[in-house]
Amino acid sequence: SADGRWVAAGGIDGSVWVWDATESEPRARFHDHLERVPALAFSPDGRWLLTGSWDRTLRVRDLEVLDAPPARLEAELAGRYHLDLGEALGATEP
C-alpha cells in the first residue's frame, strides 16, 4: 500500500492474502474469487483493497476491519447483517 502498511498477493486458486508489513504471518486470507487474482490495488489512504479475478469479478475489501477487536466485529455483524457470531460459527448454548 502507498502508506507502507499492507502487502497483498493474489493467488492462482482465487485466494487473496494480506499481510501487515511488520508481521511475518498473513493477517487475512480471502477465498471468494473462483479463478486466479492477477489484479490488486490499494486506495491511496491504504484503507481499501480492490481485487480483480479472471472470473470477471471485483471485490472491495475494508482493511480497517483487520485491526478491529473481535467485540467490534461482532457488534457490526449483529447490527448490519443481523447475524449472531456464535450461531454463525456453530456454537451451541450450554
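What you see is a predicted model, and the numbers here were worked out from it, not measured in a lab.

Each value, and the rule that gives it
Note that residues are indexed from 1 along each chain, following the sequence as it is written. Under the rules for a predicted model, residues below a pLDDT of 70 receive no local features and side-chain atom pairs below 80 are neither given nor counted, while totals for whole chains, interfaces and linings still include all residues. Heavy atoms from the whole structure form the basis of all side-chain values; hydrogens and water molecules are not counted. Each helix is a run of DSSP H or I of at least 4 residues and each strand a run of E of at least 2, with the numbering of both proceeding from the N terminus. For two strands to pair, DSSP has to find at least two bridges joining them. Each axis is a line fitted through C-alpha atoms, taken for helices only over the stretch in contact, and angles between the N-to-C directions span 0 to 180 degrees. A patch is a set of surface residues, each over 30% in relative accessible area and not in a salt bridge, joined within 9 Å for like charges and within 5 Å for the nonpolar side chains Val, Leu, Ile, Met, Phe, Trp and Tyr. The Shrake-Rupley method, run with a 1.4 Å probe sphere, supplies the accessible areas, and residue values consider only the shown protein chains as cover. By definition, a salt bridge exists where a carboxyl oxygen of Asp or Glu is found within 4 Å of a side-chain nitrogen of Lys or Arg. Relative accessible area decides the class of each residue, using a 1.4 Å probe on protein chains only: under 20% of the type maximum gives buried, over 50% gives exposed, and in between gives partly exposed. In protein, a polar contact requires one atom able to donate a hydrogen and another able to accept it; more generally it is a pair of N or O atoms within 3.5 Å, and residues adjacent in sequence count only if both atoms are side-chain atoms.

Colleague: Outline the environment of Glu23, listing residues and values.
Modeller: Within the secondary structure layout, Glu23 lies in the loop between strand 2 (16–20) and strand 3 (28–30). The spatial distance from the C-alpha of Glu23 to the C-alpha of Trp6 is 9.8 Å, given a sequence separation of 17 residues.

Colleague: Describe the pairing of strand 4 (residues 39–42), and please don't skip the residues or the numbers.
Modeller: Here strand 4 pairs with strand 5 (residues 48–52) via four bridges, running antiparallel. The partner of Ala41 across the bridge, within strand 5, is Leu50. Counted between consecutive antiparallel strands, the loop separating strand 4 from strand 5 contains five residues, among which Gly46 sits at a positive phi close to 80°.

Colleague: Describe the sheet that holds strand 2, naming the residues involved and giving the relevant values.
Modeller: Ordered in space as 1-2-3, the three strands form an open sheet in which the pairing is antiparallel. Every other strand in the sheet has two partners, leaving strand 1 (6–10) and strand 3 as the edge strands with one partner each. Between one strand axis and the next, the sheet turns through 15° on average, direction left out of account. The sheet contact formed by strand 1 and strand 2 spans five bridges and is antiparallel. Its bridge partner being in strand 2, Trp6 is matched across the sheet by Asp20.

Colleague: Tell me what's going on with a nonpolar patch on the surface, and back it up with residues and numbers.
Modeller: A surface patch of nonpolar side chains, about 390 Å² in accessible area, is lined by Trp48, Leu50, Leu58 and Val60. Listed by contribution, the elements that provide at least two residues to the nonpolar patch are strand 5 and strand 6 (58–62). Tracing the backbone through its elements, the reader meets Trp48 in strand 5. Since its relative accessible area comes to 34%, Trp48 is described here as partly exposed.

Colleague: Let's hear about the side chain of His33: which residues, and what values?
Modeller: Within the secondary structure layout, His33 lies in the loop between strand 3 and strand 4. Given the relative accessible area of 2%, His33 is considered buried. For His33, the side chain forms a polar contact with the side chain of Thr57, separated by 2.9 Å.

Colleague: Before we move on, could you go through the sheet that holds strand 4 and cite the residues and values that matter?
Modeller: The strands making up a sheet associate through backbone hydrogen bonding, with each pair oriented either parallel or antiparallel. Pairing is antiparallel in the open sheet, where three strands are placed in the order 4-5-6. The sheet is open, and its two borders are formed by strand 4 and strand 6, each paired with just one other strand. This sheet shows a mean twist of 15° between the axes of neighbouring strands, independent of strand direction. In this structure, strand 5 lies alongside strand 6, joined through five bridges in antiparallel fashion. Looking at strand 6, one finds that Thr51 is bridged to Arg59.

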